[in-house]
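# Chains, contacts and geometry: an overview
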Amino acid sequence: MTSVISVNLPQQSYDIAIAPGSLEQLGEKMSSLKLGKKVLLVSNPTIFKHYGEKAIASLQNAGFTVSTCILPPGERYKNLNSIQKIYDAALENRLERSATIVALGGGVIGDMAGFAAATWLRGIHVVQVPTTLLAMVDSAIGGKTGVNHPQGKNLIGAFHQPRLVLIDPTVLKTLPVREFRAGMAEVIKYGVIWDAELFAQMEASKHLNQLRYIKPELIESILIKSCQAKADVVSKDEKEAGLRAILNYGHTIGHAVESLTGYRVVNHGEAVGIGMVAAGQIAVELGMWQTAETERQNALIQKAGLPTQLPSGLDIEGIIDALQLDKKVKAGKVRFVLPTQIGVVTVTDEVPADIIRQVLQKM
């Protein structure tokens, strides 16, 4: 499997390079982009232990000078304190405008490294080297960067496109099962919003909940089709003026669940799984989607080992209040991405609170 997918943008297009073993070519690939020689590698201790040396060796062999910033793992550290640590490392190592921050890790590391790059010296280069399925298929692509505010997810951030996204599928071997399942939530999302063929391929697979039980051809298809879907949408709408909002399918209620549980109970993918179940049922209640199709979606979510029920003890009114803090709220109205058939969704702000309440109470 070697695939290069282009994200075509007016100001700065870039490639998503997918190839087994490509981590060893990181330095070579970055050299071809004519970047400055200073690199700050941002990672967490777990990922760095597995892949840090390999990434640094590749960069040094290509003539880069590498310094590191290692941050604690987990969504609850995705805040401005962590960004300050990246700035401190950037200052200590005298990162200039020609320098590059390399994000080696999952979505949390990618979002923070990207935001630090967007804001250090008003913007330096960033290269994304995602090590989780979720980051590979979703968060590393498209330039959305940022951190959480105590009141809500990703409220502080900037659009800052990477110069390169380098995906080495072999690193998934060390990914914990729960993290793999979290990534599958985003893959199922692409099936529902964009790619009915991908949805059908996943339906045909006996297992979706562990990497070792999934055929290599399906993993290849999942990576290529998901990255292509994200690239297509971002190329058409870089800053979420319209179409890109569909990528938030399942995220509206999902983000509220994450935020209300303090980022400690469910991970991002699990929250998106719950959010997709809720959104699917809302679409059914509004007469937009057939019950049989929402059942097909929910069966895939369960097959991927993801939750379909709200965490116990969560206050329904709290969720409804939290929706008002969603970034997609326009003129005080919450915008929902709702399916009309597998592979097709629409965005609407005409969802009565009573319907949301009714759906959540049954979960």
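Residues numbered from 1 in each chain as written. Predicted model: local features only at pLDDT ≥ 70, side-chain atom pairs only at ≥ 80, totals over all residues. Heavy atoms only, no water.

## Some details on the nonpolar core
With 99 residues, the main nonpolar core has Ile16 and Met30 as its most contacted residues. Those residues in contact with Ile16 that sit more than four places away from it in its chain are Ser3, Val4, Ile5, Val7, Ile141, Val165, Ile167, Cys227 and Ala231. Grouped together as the second largest cluster of nonpolar side chains are 23 residues, Ala103, Val108, Met112 and Ile124 included. (Core = buried A, V, L, I, M, F, W, Y, C linked by side-chain atoms within 4.5 Å. Buried < 20%, exposed > 50% of the residue type's maximum accessible area, 1.4 Å probe, protein only. Contact = heavy atoms within 4.5 Å.)

## Points about the packing of aromatic side chains
The tally for this structure, following the rule as stated, stands at one aromatic pair. With 5.9 Å between their ring centres and 25° between their planes, Tyr87 and Trp120 make a pair best called stacked. Of the two residues, Tyr87 is situated in helix H3 (residues 80-92) and Trp120 in the loop between helix H4 (107-119) and strand S6 (125-130); the sequence distance between them amounts to 33 residues. The class for Trp120 is buried, based on a relative accessible area of 16%. Between the NZ or CZ atom of Lys37 and the centre of the ring of Phe64, over which it lies, the distance is 4.6 Å. The ring of Tyr190 carries the charged tip of Lys189 above its face, separated from the ring centre by 4.9 Å. (Phe/Tyr/Trp six-rings, centres within 6.5 Å; stacked < 30°, edge-to-face > 60°. Helix = DSSP H or I, 4+ residues; strand = E, 2+ residues; numbered from the N terminus. Lys NZ or Arg CZ within 6 Å of the ring centre and 35° of its normal.)

## Describing the side chain of Lys189
Counting through the fold element by element, Lys189 comes out in helix H6 (residues 177-193). A relative accessible area of 0% means that Lys189 is categorised as buried. Non-local contacts of Lys189, meaning those with residues more than four positions away in its chain, are made with Asp138, Leu247, Tyr249, His251 and Met276.

## Overview of the side chain of Arg244
As for its placement among the helices and strands, Arg244 is situated in the loop between helix H8 (216-236) and helix H9 (251-260). Within the buried set, Arg244 has no salt-bridge partner at all; the shortest N-O distance to an opposite charge, 4.5 Å, is to Glu240. Those residues within four positions of Arg244 in sequence are excluded, and the remaining contacts are Ile141, Gly142, Lys144, Phe159, Gln161, Lys230, Val233, Val234, Asp237 and Glu238. (Lys, Arg positive; Asp, Glu negative; His and termini not counted. Salt bridge = Lys/Arg side-chain N within 4 Å of Asp/Glu carboxyl O.)

## Concerning the environment of Glu217
The topology assignment puts Glu217 in helix H8. For Glu217 and Ile167, which are 50 residues apart along the polypeptide, the C-alpha to C-alpha distance reads 16 Å.

## Things to note about the UniProt feature "domain: 3-dehydroquinate synthase N-terminal" (unreviewed entry) in the protein chain
Taking the UniProt record as the reference, the feature "domain: 3-dehydroquinate synthase N-terminal" (unreviewed entry) is found at residues 69-181. Between the first and last C-alpha atoms of residues 69-181 the distance is 28 Å; the span itself is 34% helix and 28% strand. (UniProt positions renumbered as here; feature names shortened; annotations may be inferred.)

## Focus on the packing of H3 against H4
Packed helices, taken two at a time, are described by their axes: the angle between them and the distance between them. Between H3 and H4, whose axes approach to 10 Å, the crossing angle comes to 60°. Judged by the angle between their axes, H3 and H4 are oblique. The hand of the H3/H4 crossing is right-handed. On H4, the residues that touch Leu80, Ser82, Ile83, Ile86 and Tyr87 of H3 are Met112, Ala113, Phe115, Ala116 and Thr119. Along the lines of polarity and charge, the residues of the contact of H3 with H4 split into eight nonpolar, two polar and no charged. (Axes fitted to C-alpha atoms, helices over the stretch in contact; angles between N-to-C directions. Parallel < 35°, antiparallel > 145°, perpendicular 65-115°, else oblique. Left-handed = near helix turned anticlockwise from the far one by under 90°. Nonpolar A, V, L, I, M, F, W, Y, C, P; charged D, E, K, R; others polar.)

## Observations concerning the packing of helix H10 (residues 268-285) against helix H11 (residues 291-303)
Put simply, H10 and H11 touch, their axes get as near as 9 Å, and they point 175° apart. Between H10 and H11, the crossing angle belongs to the class labelled roughly antiparallel. Of the residues in H11, those in contact with Gly273, Met276, Val277, Gly280, Gln281 and Val284 of H10 are Thr291, Thr294, Gln297, Asn298 and Ile301. Taken together, the residues that form the contact of H10 with H11 break down as four nonpolar, seven polar and no charged.

## Structural notes on the pattern of salt bridges
If you walk through the whole model with that rule in mind, you get 17 salt bridges. The partner of Glu270 in a salt bridge is Arg178, and the shortest N-O contact between them spans 2.7 Å. On the criterion of sequence distance, the pair formed by Glu270 in helix H10 and Arg178 in helix H6 is long-range, its members being 92 residues apart. Of the residues examined, Glu270 reaches a relative accessible area of 11% and is grouped as buried. Notably, a salt bridge pairs Lys225 with Asp195, separated by 3.6 Å at the nearest N-O pair. Separated by 30 residues along the polypeptide, Lys225 in helix H8 and Asp195 in the loop between H6 and helix H7 (196-204) bring together distant segments of the chain. Each member of the pair, Lys225 as well as Asp195, carries the same accessibility label: buried. Beyond isolated ion pairs, a larger network of salt bridges with shared partners links Glu75, Lys78, Asp111, Lys153 and Glu258.

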